[in-house]
Amino acid sequence: MFSQKSIRQSLNDLETDALTGLSSKEAKNRLLKYGKNQLQEAPKETNIQRFFDQLKDPLIFILLVSAVVSILLKEIGDACIILIVVLVNAIVGVVQEGKAQRALDALKELTTLHAIVRRDQKQIEIPADELVPGDIVLLETGGQIPADLRLISSSNLQIEESALTGESVPIQKDCEFTASSSLALADKKNLAFMTTTVTNGRGEGVVTATGMNTEIGKIAGFINHTPQELTPLQKKLGELGNILSVVAIALCVSLFGIAVFQHRNMFDMLITAISLAVAAVPEGLPAIVTIVLALGVSRMVTFHAIVRRLPCVETLGSVNVVCSDKTGTLTQNKMTVLRCYTNFTEKEAHHLDIENDHIFLESFVLCNNAVITPKLRSGDPTELALLDMARPYGIYRKSLELQMPRIDEKPFDSDRKMMTTLHKKGNTSVSYTKGASDVVLERCNYVLEHGKIIPMTAVHRKNIQEEISKLSSDALRVLASAMHFDTTALSEFDLVFIGLVGMIDPARPEAIHAVEQFTHACVKTVMITGDHKETAYAIANDLGIASHPSQCMTGQELNRLSDDEFYQKLPNLTVFARVSPEHKVRIVKGFQSLGNIVAMTGDGVNDAPSLRAADIGIAMGKSGTDVAKNASDMILTDDNFSTIEKAIEEGRCIYENIRKSVLFLLSSNFGEIITMFAAILFGLASPLRSIHILWINLITDSLPALALGVDQTNPKHLMSKPPRSPREGLFSNGGINCTIFYGILIASISLCAFLKLPLHYLHANNMPITLRNINASLQIPELLAHAQTYSFTVVGLSQLFHATGMRDIETSIFAVNPFSNRLMILSWIVGLFLQFIVTEIPYFVSIFGTVRLTAEEWIELLFLASVPLLAHEIFCLHMKYDNKQADKHFV
């Protein structure tokens, strides 16, 4: 409808004014009337729905079947414990999913879109969901359209609408266009649509529709049901769970078959086999992995890193090349003009001559979009520095534009590397161009010298080029300005050279430390910049990124190389200067072709391809455009390079913690399987009753595993190793050996505890120690109950000792702060308490078929249960000894 209305008609219909905008009061009233500018999301699951989702697991069905069988066999105690296990597992799952969802919702709030609007005759920034019809919205290159708009001004405005219209190229917009009839969306050149992005130019628009009334809102029903994305690790664990389920069921079928062959109680062994099948598979793993990932990305927010997709957390731990923009990321983004070059003379910025240099100052002030007022300082740091340079000389952009109003402009883009504005000056007009010094100089055929325009000679050009090299070698960023008189169009050729400025953006001190940390962690830092080669090398040298000029390459040099030649040189390159966005994509793909996992930073519209090409695309939160943020996997809210180092460290930590949880659970469950299978295979009574297995499973699948998942891994230890390969499995680097060793060890101590009393009985009665006699002694009900209590207690407590050692399998527990993981302490308290009540409280003793233990027995069983931790300490001592011997040999 609004495409067929003029600007004036649209403003009248929406009862708003282009110059003043809506009043705050009117905006508030309209917000109440129209509601928030939000697309409807798929309804979130309630806790009740989540609870029943937990019961859909096939293993839970097996548990419920075993509960029914227990009731039929009048084993009410077993049935109650089984149902408690099901209930607790479901509740834990609901709580964990709730925490994960809240963490992800918090991340969404941090990435909320904002819009610049005109209200109460002022420009202010508001959350996009507070926009209302009639608001005047300001659009800039790289911004996302926050609502449906009728454009009321446009300057070279191009909008990318492929997601909505299917058009593969950006659409040139024209605010003066008025459709004579109904048109397709792609042909409505005077409208801008919600969620599309500005790829070039500037403009203003009046909001015509918000939320579900927008064009994208009309199809929101098709886009809000997006499936939850699983990480590669979660997929691997899902596959592992399926394999373990098959293995466990096969083992339990074998166990049941052997029991039948041995003429054991069929129903009793059926319950035991089913219980073991459930206990053998760590069904809590997916929930633990999800919450560890979600809590990890929540922790990252505290140090200014927002991860937009959970799979990226895993990839972060594998990154071994970080390609970073210089400005604002490796440097402070606090530009200051130090030196100027006018009339072929170099001067300090505060020693300019206003009479001779006023055109020089005017050119940088007028060809500028930054704003400085007593209450506002907004714009690109480079442009702000240029305004700051002119202010001491009484030259201000606002007052200057009253004398020389802007007629037209060509915004800066990274391909042209320049910006041009056209101004009315009396009865004529003049255009000013500023940009990269070498690019601007190429367009100049004249030079301004002491107010006179003269042809540029070869000597002039040589002197200017030498000055550019001199300023660049001093680590200064160099910009040039030029002009074109008596022009009615924006011309960027046949220009008049005016002068140069040299400005500095100091390196961030914390970036120097981060680069050093990356070096220790075998992560290569690569600096990418649009600056001159000399400037780039000087800063890279300060940061510790480059130590020799041969490590630098320019975009022009890159263009001259074939892919094979480039890949051959790439391992020795750490700095790329004078590059374009296309070069960035080639650099990323080059490193990837050599087998590297690459992280790339970016902030502009044209950085989106390289951000998508990288394994981890990192956008800037402060200076980044919406286009860059939407293309990224992670956003730095402080635009600080050291945050990348922290994020990679956290990524390594999260993966390592998940790996510890997986190995802990699998080795513990493996121990239970071996214990039961070995006893049955040798014709012995079952060391654990089905109710014991379920109880142990309840303990091991909750707090200890989760405590390992949120453990504070030593960052120095993690960041002193090379990054892991993305192809590396959970069982790499000794993982399978760890699982098998501790599984066998737990089974061994469990069987030792189980056989202690039968062996003592045989010895006391001078009976030979044979399997037949051991099994005969276990037919005594009191002895069997006592032996099973021993085995039950040792297996349950050994999990706690095992989890403590798994915090760091290469470091002694005496070198680890026990209070750094409060959840582990809590798991000990809860584990000991639960194990105590099932052997000491009469009610639970009758349910679990245990016997009360003496203090002496508790001490003996605690010592036996601590064997996994003792083995851990012996292993650490052995490693320490081997390292000392290696050091001696090296010396």
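Residues numbered from 1 in each chain as written. Predicted model: local features only at pLDDT ≥ 70, side-chain atom pairs only at ≥ 80, totals over all residues. Heavy atoms only, no water.

Draft legend 1. Examining the nonpolar core more closely. Counting 86 residues, the largest nonpolar core has Val 322, Met 527 and Phe 641 as its most contacted members. Ranked by residues supplied to this core, first place goes to helix α25 (residues 641–681) with 12 residues. The residues contacting Phe 641, other than those within four sequence positions of it, are Val 322, Ser 324, Thr 329, Leu 330, Ala 511, Ala 514, Val 515, Phe 518 and Thr 525. Listed in part, the 34 residues of the second largest apolar core include Val 337, Phe 360, Val 501 and Met 503. (Core = buried A, V, L, I, M, F, W, Y, C linked by side-chain atoms within 4.5 Å. Buried < 20%, exposed > 50% of the residue type's maximum accessible area, 1.4 Å probe, protein only. Helix = DSSP H or I, 4+ residues; strand = E, 2+ residues; numbered from the N terminus. Contact = heavy atoms within 4.5 Å.)

Draft legend 2. Quick look at unusual backbone geometry. A positive phi angle, close to 65 degrees, is found at Gln 121, a residue other than glycine. Mapped onto the secondary structure, Gln 121 falls in the loop between β1 (114–119) and β2 (122–127). Its identity as a non-glycine residue notwithstanding, Thr 195 has a phi of 80 degrees, on the positive side. Here Thr 195 shows up in the loop between β6 (191–192) and β7 (197–209).

Draft legend 3. Main features of the sheet that holds strand β25 (residues 616–620). The strand order across the open sheet built from eight strands is β8-β26-β25-β24-β9-β21-β23-β22, with neighbouring strands paired in mixed fashion. Each having just a single partner strand, β8 (305–307) and β22 (552–554) make up the two edges of the open sheet. Along the sheet, successive strands turn relative to each other by an average axial angle of 20 degrees, direction set aside. Sheet topology note: the β8/strand β26 (residues 634–636) ladder contains three bridges and is antiparallel. Among the inter-strand pairings, Val 307 is bridged to a residue of β26, identified as Met 634. (Pairing = 2+ DSSP bridges. Axes fitted to C-alpha atoms, helices over the stretch in contact; angles between N-to-C directions.)

Draft legend 4. Structural view of the packing of aromatic side chains. The full count for this structure, using the stated rule, is 12 aromatic pairs. Where Phe 801 meets Trp 828, the ring centres are 4.8 Å apart and the plane angle is 90 degrees; that geometry is what we call edge-to-face. Placement of the pair is Phe 801 in helix α31 (residues 781–805) and Trp 828 in helix α32 (residues 822–840), with a sequence separation of 27 residues. The class for Phe 801 is buried, based on a relative accessible area of 13%. Members of the aromatic cluster, connected to one another through ring pairs, are Phe 566, Tyr 567 and Phe 576. Above the face of the Phe 177 ring, Lys 189 is positioned so that its terminal group lies 4.9 Å from the ring centre. The ring of Tyr 655 is capped by Arg 724, whose NZ or CZ atom sits 3.5 Å from the centre of that ring. (Phe/Tyr/Trp six-rings, centres within 6.5 Å; stacked < 30°, edge-to-face > 60°. Lys NZ or Arg CZ within 6 Å of the ring centre and 35° of its normal.)

Draft legend 5. Local environment of the pattern of salt bridges. Under the definition given, this model contains 31 salt bridges. Of the charged contacts, one joins Glu 26 and Arg 30 as a salt bridge, the two residues approaching to 2.7 Å between their closest N and O atoms. Of the two residues, Glu 26 and Arg 30 are both situated in helix α2 (residues 24–34); the distance of four residues between them amounts to about one turn of the helix. The salt bridge partner of Lys 533 is Glu 557, with a shortest N-O separation of 3.2 Å. Here Lys 533, found in helix α19 (residues 533–543), pairs with Glu 557, found in helix α20 (residues 555–559); they are 24 residues apart in sequence, far enough to count as distant. On the accessibility criterion, Lys 533 (27% relative accessible area) is partly exposed. (Salt bridge = Lys/Arg side-chain N within 4 Å of Asp/Glu carboxyl O.)

Draft legend 6. Examining the packing of helix α29 (residues 735–764) against helix α34 (residues 855–865) more closely. Packing of α29 against α34 brings their axes to within 10 Å, and their N-to-C directions diverge by 155 degrees. Looking at the two axes, α29 sits roughly antiparallel to α34. Considering only the axes of α29 and α34, their crossing is right-handed. Of α34, the residues touching α29 (which contributes Ile 749, Cys 752, Ala 753 and Lys 756) are Glu 860, Leu 861, Leu 864 and Ala 865. For the contact of α29 with α34, the residue count by class is six nonpolar, no polar and two charged. (Parallel < 35°, antiparallel > 145°, perpendicular 65-115°, else oblique. Left-handed = near helix turned anticlockwise from the far one by under 90°. Nonpolar A, V, L, I, M, F, W, Y, C, P; charged D, E, K, R; others polar.)

Draft legend 7. Representation of helix α22 (residues 581–593) within the structure. For α22, which comprises 13 residues, the first-to-last C-alpha distance of 19 Å matches the rise-based estimate of 18 Å (1.5 Å per residue) to within 8%. If you check which residues of α22 are buried, you get Pro 581, His 583, Lys 584, Val 585, Ile 587, Val 588, Gly 590 and Phe 591. Gly 595 sits one or two residues past α22 and shows a positive phi near 90 degrees. (Expected span 1.5 Å × (residues − 1).)

Draft legend 8. Representation of the environment of Gly 211. One can find Gly 211 in the loop between β7 and α7 (215–218). A relative accessible area of 2% means that Gly 211 is categorised as buried. Along the sequence, Gly 211 and Lys 334 sit 123 residues apart, while their C-alpha atoms lie 38 Å from each other. Every residue in contact with Gly 211, bar those within four places of it in the chain, is listed here: Lys 36, Asn 37, Gln 38, Leu 39, Met 194 and Gly 217.

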